Amino acid sequence: MEKIERSMVEKRLFDKMKNIPFIKPSVPPIDEYFNEISDIWHTTMFTNIHSKHEKLEDALKKHLAVNNVSLFVNGHMALEAALSYFQLKGEVITSPFTFSSTCLAIMRNGLTPVFCDINEKNYTVNVDSLERLINEKTCAVLPVHIYGNVCDVYAIEKISEKYEVPVIYDAAHAFGVKVNERGIGSFGNISMFSFHSTKVFNTVEGGALTYADDKMYEHFAHFRNFGQKNRETVIVGANMKMSELHAAMGLCNLRHINSCIEKRKNCVNRYNERLIDIKGLHLNQPQNGVVSNYTHYPIRINEKEFGETRDSVFERLSRHDITTQKYYYPLVSNMAIFDKNPSNYDTPVADEIAKQILVLPLYSELTIEDVDYVCKIILEHQ
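What counts, and at which threshold
- Along each chain, the written sequence defines residue order, and numbers are assigned to residues from 1.
- Totals for whole chains, interfaces and linings use all residues, but because this is a predicted model, local features are given only for residues with pLDDT of at least 70 and pairs of side-chain atoms are given and counted only at 80 or more.
- Hydrogens are left out, water is left out, and the side-chain values use all remaining heavy atoms of the structure.
- The numbering of helices and of strands both runs from the N terminus, where a helix is a DSSP run of H or I of at least 4 residues and a strand a run of E of at least 2.
- The size measure is the radius of gyration over C-alpha atoms, and the globule rule it meets is 2.2 Å times the number of residues to the 0.38 power.
- With a 1.4 Å probe rolled over the protein chains alone, any residue whose accessible area is under 20% of its type maximum counts as buried; one over 50% counts as exposed, and the rest are partly exposed.
- Note on definitions: a residue-residue contact is assigned when non-hydrogen atoms from the two residues lie within 4.5 Å.
- Strand pairing requires that DSSP identify at least two bridges connecting the strands.
- Here, axes are lines fitted to C-alpha atoms. For helices the fit covers the stretch in contact, and angles between N-to-C directions go from 0 to 180 degrees.
- Here roughly perpendicular refers to angles of 65 to 115 degrees, roughly parallel to angles under 35, roughly antiparallel to angles over 145, and oblique to all remaining angles.
- Crossing chirality is assigned from the near helix's rotation relative to the far helix, an anticlockwise turn below a right angle marking it left-handed and a clockwise turn marking it right-handed.
- Stacked, tilted and edge-to-face are the three classes applied to pairs of Phe, Tyr and Trp rings, where Trp contributes its six-membered ring and a pair requires centres within 6.5 Å; stacked means planes under 30 degrees apart, edge-to-face means over 60, and tilted covers the rest.
- Any Lys or Arg side-chain nitrogen located within 4 Å of an Asp or Glu carboxyl oxygen qualifies as a salt bridge.
- Each polar contact in these results corresponds to two N or O atoms within 3.5 Å; when the atoms are within protein, one needs to be able to donate a hydrogen and the other to accept it, and residues that are neighboring in sequence are counted only if both atoms are side-chain atoms.

Undergrad: How should I be thinking about the overall build of the protein chain in this particular structure?
TA: Secondary structure summary: the protein chain contains 14 helices and 13 strands in total. At 22 Å, the protein chain has a C-alpha radius of gyration in line with the 21 Å of a compact globule built from 382 residues. With respect to the principal axes defined by its C-alpha atoms, the protein chain has extents near 80 × 60 × 40 Å. Buried residues in the protein chain amount to 52% of all 382 residues. For the protein chain, long-range pairs separated by at least 24 residues make up 71% of all intrachain contacts whose partners lie at least 6 apart in sequence.

Here it is in structure tokens:
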């Protein structure tokens, strides 16, 4: 009896060890963070744009290879601020294959989202579909870089110039990505980055806007601080400031970002080795000229070829304590809150991909053994 009980305990411990979450935030050594924030305890300057905030903006300008960075309390509020800058009225063309925050930012600015179909290869907006959707009501375009894959930025630039509409990129998944050695945040009028704890680079909670137009910097400085230009002059704004404690976490994490991305890359390479030749599994393909950040590892499961549905694989992985995500299912265009004008939602590719997509665990602490275990469970029925 004692041997049986010991065996059961060991099995439970083994099963617990095999619990693999979808994501684990990257954090610096705790002593490094304590050292970074120690001077804040002496100054008690916890907020309102002080030295940590300023240092992080400067460091991010260099790392992202952009002209300007404005930090915000989170990526969503940064996106709302970006849209508000242009004082828009009308429709904003965006992707249905995104997190609901993208469209909520549009709606909270009193604008109407119009959904553009996506590419089958990299899940970003189809530029041909995008151009067909532009009409007299179109006031902006909000494309989404997804899974570290980037939109056709050069084609979108031409469309923006042709129709004279601003382009605001949702670059929440694209931190540090480069296109032909150019920082992804330098494309379009503005790009929004999320620094949520689930992202490749995090400040625990936070976000930023990047842009080339220097005059935007002063505007966003006032806008995120209750709209205060000074004690006596206020513009429309809100409280969107990043705290010094969050900026300090960003400074620490930025020192380790290259090694974190390298570890993620190693896991991606292992996933590819194990899954590349499996019929019915369609893997994310590298883009020419793009330096990836390996933020997510999506696979598409073709039921007819693989012999099993996406949902069945999802459930089996869950039974083995492996957390995956159906990013992004359902499409935001199928959510009741956004269902304003269904006749505009001609998105057959996005509809199909949303039913097939499964995003596997990926983070810097994920081990090669973990990746092998995930792949083993995925392929159990083969």
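Anyway, onward from the coordinates.
Undergrad: Teacher, can you tell me more about the sheet that holds strand β4 (residues 138–142) here?
TA: Sheet strands pair via backbone hydrogen bonds, and the direction of the pair is either parallel or antiparallel. Within the open sheet, the three strands sit side by side as β3-β2-β4. Their pairing is parallel. Looking along the sheet, the strands with just one partner apiece sit at the ends: β3 (112–115) and β4. This sheet shows a mean twist of 30° between the axes of neighbouring strands, independent of strand direction. Bridging between strand β2 (residues 91–94) and β3 involves four bridges; their strand directions are parallel. Its bridge partner lying in β3, Ile-93 is registered against Val-114.

Undergrad: What's the story with the sheet that holds strand β7 (residues 182–183) in this structure? I'm lost.
TA: Read across the open sheet, the three strands follow the order β7-β6-β11; overall the sheet is antiparallel. The open sheet has two free edges, formed respectively by β7 and β11 (290–291), since each of these has just one partner strand. Inspection of the sheet shows strand β6 (residues 178–179) paired to β11 by two bridges, in the antiparallel sense. By the bridge assignment for β11, Lys-178 is matched with Val-291.

Undergrad: So what exactly am I meant to see when it comes to the packing of helix α12 (residues 310–319) against helix α14 (residues 368–378) here?
TA: The description of two packed helices rests on the angle between their axes and on the distance between the axes. The geometry of α12 relative to α14 is characterised by a closest axis approach of 9 Å and an angle of 130° between their N-to-C directions. Accordingly, the angle class assigned to the pair α12 and α14 is oblique. The crossing of α12 and α14 is right-handed. Contact with α12, carried on its side by Val-313, Arg-316 and Leu-317, involves Val-374, Ile-377 and Ile-378 of α14 and no other residues of that element.

Undergrad: Hey, could you run me through the packing of aromatic side chains in this one?
TA: Within a pair of aromatic rings, the relevant descriptors are the distance that separates the centres and the angle that separates the planes. All chains considered together, the criterion is met by 17 aromatic pairs. Judged by centre distance (6.1 Å) and plane angle (75°), the ring pair of Phe-72 and Phe-220 falls under edge-to-face. Within this pair, whereas Phe-72 is found in strand β1 (residues 68–72), its partner Phe-220 is found in helix α8 (residues 215–223), the two being separated by 148 residues in sequence. Here Phe-220 falls in the buried class, since its relative accessible area comes to 0%. Taking 4.7 Å as the distance between ring centres and 5° as the angle between the ring planes, the aromatic pair formed by Tyr-327 and Tyr-328 counts as stacked.

Undergrad: It is not clear to me how the pattern of salt bridges should be interpreted in this structure. Could you clarify?
TA: Should the charged atoms of two oppositely charged side chains come close, the side chains can pair. Here the structure, examined in full by the defined rule, presents 18 salt bridges. For Arg-224, the salt bridge goes to Glu-57, with nearest N and O atoms at 3.3 Å. Placement of the pair is Arg-224 in the loop between α8 and α9 (244–255) and Glu-57 in helix α3 (residues 51–64), with a sequence separation of 167 residues. Grouping residues by exposure puts Arg-224 and Glu-57 together as buried. Note that Glu-131 and Lys-162 form a salt bridge whose closest N and O atoms lie 2.9 Å from each other. On the criterion of sequence distance, the pair formed by Glu-131 in helix α6 (residues 127–133) and Lys-162 in helix α7 (residues 153–163) is long-range, its members being 31 residues apart. The class for Lys-162 is exposed, based on a relative accessible area of 57%. Each of the salt bridges in this network shares a partner with another, and the network as a whole consists of Glu-32, Glu-36, Asp-39, Lys-52 and Arg-255.

Undergrad: Help me understand the side chain of Thr-98, please; the structure alone is not making it clear to me.
TA: Tracing the backbone through its elements, the reader meets Thr-98 in the loop between β2 and α5 (100–107). Polar contacts involving the side chain of Thr-98 include one to the side chain of Thr-102, which spans 2.8 Å. Here Thr-98 is in contact with Val-144, Asp-170, Tyr-328 and Val-332, once residues within four sequence places are set aside.

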